[in-house]
Amino acid sequence: MVKICCIGAGYVGGPTMAVIALKCPSVEVVVVDISVPRINAWNSDHLPIYEPGLDEVVQQCRGRNLFFSTNVEKHVSEADIIFVSVNTPTKTRGLGAGKAADLTYWESAARMIADVAKSDKIVVEKSTVPVKTAEAIEKILTHNSKGINYQILSNPEFLAEGTAIQDLLNPDRVLIGGRETPDGQKAIKALKDVYAQWVPEERIITTNLWSAELSKLAANAFLAQRISSATGADVSEVSYAIGKDSRIGPKFLNASVGFGGSCFQKDILNLVYICDEVACYWKQVIKVNDYQKSRFVNRVVSSMFNTVSGKKIAIFGFAFKKDTGDTRETPAIDVCKGLLGDKASLSIYDPQVTEDQIQRDLSMGKFDWDHPIHLQPVSPTSIKQVSVVWDPYQAARDAHGLCILTEWDEFKRLDYEKIYESMRKPAFVFDGRNVVDAEKLRELGFIVYSIGKPLDPWLKDMPALA
Ligand code: UDX
Ligand code: ADP
């Protein structure tokens, strides 16, 4: 029986291992983590992350061939294949601060493997890491090997949150990079055999280590740079027309208040850090994304007579995209901070994000979110002008404006007539994700701003803030 151990029970490790366990009944999969609350949650009825379909998969396999444990050393020492999906935060201090990845957790995981291993291991790099991490890890392991043979593989994840289970069950491709030596090829084959239990052979691509690492960064940077918006033109028309070209395709052309999530910005920063020559281009992609968010805030403030001071603004959606409770790098953080800077009072509703999380995100500095201290349940000093409610109608009551920041499907089905009646007039809707039918809302009396769409005639006369 092949034994797999995954270090890191997060958004990547948890769902990926659950699907491997589901599809490979003859493989024993143990997910380990140093965080006791996280492992307890994985072993409970209330999993630590929200992902459609995940509960069912875990229920089927947990206790059969899928286990969650804090006994990191034991399971690492027993495993044949070790996946590493620990945090790789962006450095907040020292050389490369704000750009380079902090590999402290990766390095300590590698050193721990070297300490406890008693037999040959295949070590699989799964978390988002800068190119050449595998080589660094290989050095740590081989210099501490005590005669043990280590093979390092890069198997970047391409799952997107909110559709992780589907992406894992039916991936466009699985990429496995390894050394071009006989031992390296043997390790690639061992991992390939795992995926081949449910992924068609032609979708499993094998490459060298470096190509696999770079492919992940390049793919995400490419996707991220596609998301930008235009003014004056109707963005859905433009993206429909561009997307019709089969060489480009229709995906990832939706305008939004900006992209978020734990990967895009980090991957681009990693790319910036390794290739100075083109760094300017990629930095611009992040700058445009930041500009998108401040432009949205400016639009809200300028529309509401140049001030939101003391006004209640309802925020619909806080997660970085629909169908996830993940808030890492969500554009909602920057938008809310911008509005709070103008002294607005916010009432926030998201179907999957808790008050604790929102308060924490709004009091945190940039890049701090990925440092483990924030995984611990500390009670943050709450921001008084922010209230978090579990009902969208309550969030909107007596509000002057309403901002939609995540494209949750339920926002399309709300009773906007009821919402309009309960709001102050003029009642503004700022749709950062193009989820509502602007024309219908205008008929109800709302003044509507939709990202990347022609301006509401009412707003045309309002001077935009610089
Ligand atoms: C991304 C990659 O897609 C995935 O392959 C990789 O493994 C991890 O990083 P994820 O961050 O989960 O996945 O979500 P994704 O669907 O890529 O969306 C990222 C951000 O872009 C979200 O904030 C989303 O709302 C935004 N987005 C996406 C748009 O604004 N417009 C689009 O058309 C698509
Ligand atoms: P991702 O989105 O990449 O999965 P997460 O932050 O959700 O990232 O998960 C990373 C997990 O890795 C966290 O739960 C953290 O506790 C865990 N972790 C970090 N370092 C170690 C380590 N040395 N050993 C075990 N688990 C670790």
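What counts and what doesn't
- Residues numbered from 1 in each chain as written.
- Chains lettered and ligands numbered in written order.
- Predicted model: local features only at pLDDT ≥ 70, side-chain atom pairs only at ≥ 80, totals over all residues.
- Heavy atoms only, no water.
- UniProt positions renumbered as here; feature names shortened; annotations may be inferred.
- Near = heavy atom within 4 Å.
- Polar contact = N/O pair within 3.5 Å; in protein donor to acceptor, adjacent residues only side chain to side chain.
- Areas by Shrake-Rupley, 256 points an atom, 1.4 Å probe, with all protein chains shown as cover.
- Helix = DSSP H or I, 4+ residues; strand = E, 2+ residues; numbered from the N terminus.
- Salt bridge = Lys/Arg side-chain N within 4 Å of Asp/Glu carboxyl O.
- Buried < 20%, exposed > 50% of the residue type's maximum accessible area, 1.4 Å probe, protein only.
- Nonpolar A, V, L, I, M, F, W, Y, C, P; charged D, E, K, R; others polar.
- Domains from an automatic or database assignment.

- For the protein, an unreviewed UniProt entry supplies the name UDP-glucose 6-dehydrogenase and the organism Punica granatum.
- Heading Catalytic activity (unreviewed entry) of the UniProt record for the protein holds this comment: "UDP-alpha-D-glucose + 2 NAD(+) + H2O = UDP-alpha-D-glucuronate + 2 NADH + 3 H(+)".
- Check the Pathway (unreviewed entry) section of the UniProt entry for the protein; it says "Nucleotide-sugar biosynthesis; UDP-alpha-D-glucuronate biosynthesis; UDP-alpha-D-glucuronate from UDP-alpha-D-glucose: step 1/1."

**So, the site of ligand 2**
Right, so step 1: Lining the immediate surroundings of ligand 2 are 16 residues, of which V12, D33, R38, N87 and R328 lie closest.
Right, so step 2: Note that an oxygen atom of ligand 2 is positioned 3.0 Å from one of the backbone N or O atoms of Y11.
Right, so step 3: One nitrogen or oxygen atom from the main chain of V12 is found 2.9 Å from an oxygen atom belonging to ligand 2.
Right, so step 4: In isolation ligand 2 offers 580 Å² of accessible surface; the protein chains occlude 92% of this area.

**Re unusual backbone geometry**
Right, so step 1: Residues K425 and P426 are joined by a peptide bond in cis, for which omega reads -5 degrees.
Right, so step 2: Mapping P426 onto the fold places it in the loop between α16 (416-422) and β13 (428-431).
Right, so step 3: The backbone of K146 shows a phi angle near 50 degrees, a positive value even though the residue is not glycine.
Right, so step 4: Within the secondary structure, K146 is located in the loop between α6 (133-143) and β6 (150-154).
Right, so step 5: Of note, the phi angle at E329 is positive, near 55 degrees, even though the residue is not glycine.
Right, so step 6: In this structure, E329 sits in the loop between β9 (312-316) and α13 (331-341).

**Remarks on the pattern of salt bridges**
Right, so step 1: By the definition in use, this model includes 19 salt bridges.
Right, so step 2: Between K3 and E78 there is a salt bridge, with its nearest N and O atoms 3.9 Å apart. On the criterion of sequence distance, the pair formed by K3 in strand β1 (residues 2-7) and E78 in helix α4 (residues 72-78) is long-range, its members being 75 residues apart.
Right, so step 3: With relative accessibility at 36%, the residue E78 sits in the partly exposed group.
Right, so step 4: Because the salt bridges share partners, they merge into one network encompassing K132, E135, E138 and R179.

**Let's talk about the site of ligand 1**
Right, so step 1: Near ligand 1 you find 20 residues, and of these E161, S256, F320, K321 and R433 are the closest.
Right, so step 2: L159 places a main-chain nitrogen or oxygen 3.0 Å from an oxygen atom of ligand 1.
Right, so step 3: Here N254 contributes a backbone N or O atom positioned 2.9 Å from a nitrogen atom of ligand 1.
Right, so step 4: About the coverage of ligand 1: the protein hides 91% of its 670 Å² of free accessible area.
Right, so step 5: Ranked by residues supplied to the shell around ligand 1, first place goes to helix α9 (residues 209-226) with three residues.
Right, so step 6: Grouping the amino acids of the shell around ligand 1 by side-chain chemistry returns eleven nonpolar, four polar and five charged.
Right, so step 7: Taken domain by domain, the makeup of the shell around ligand 1 includes at least three residues from each of domain 1 (3-221) and domain 2 (264-460).

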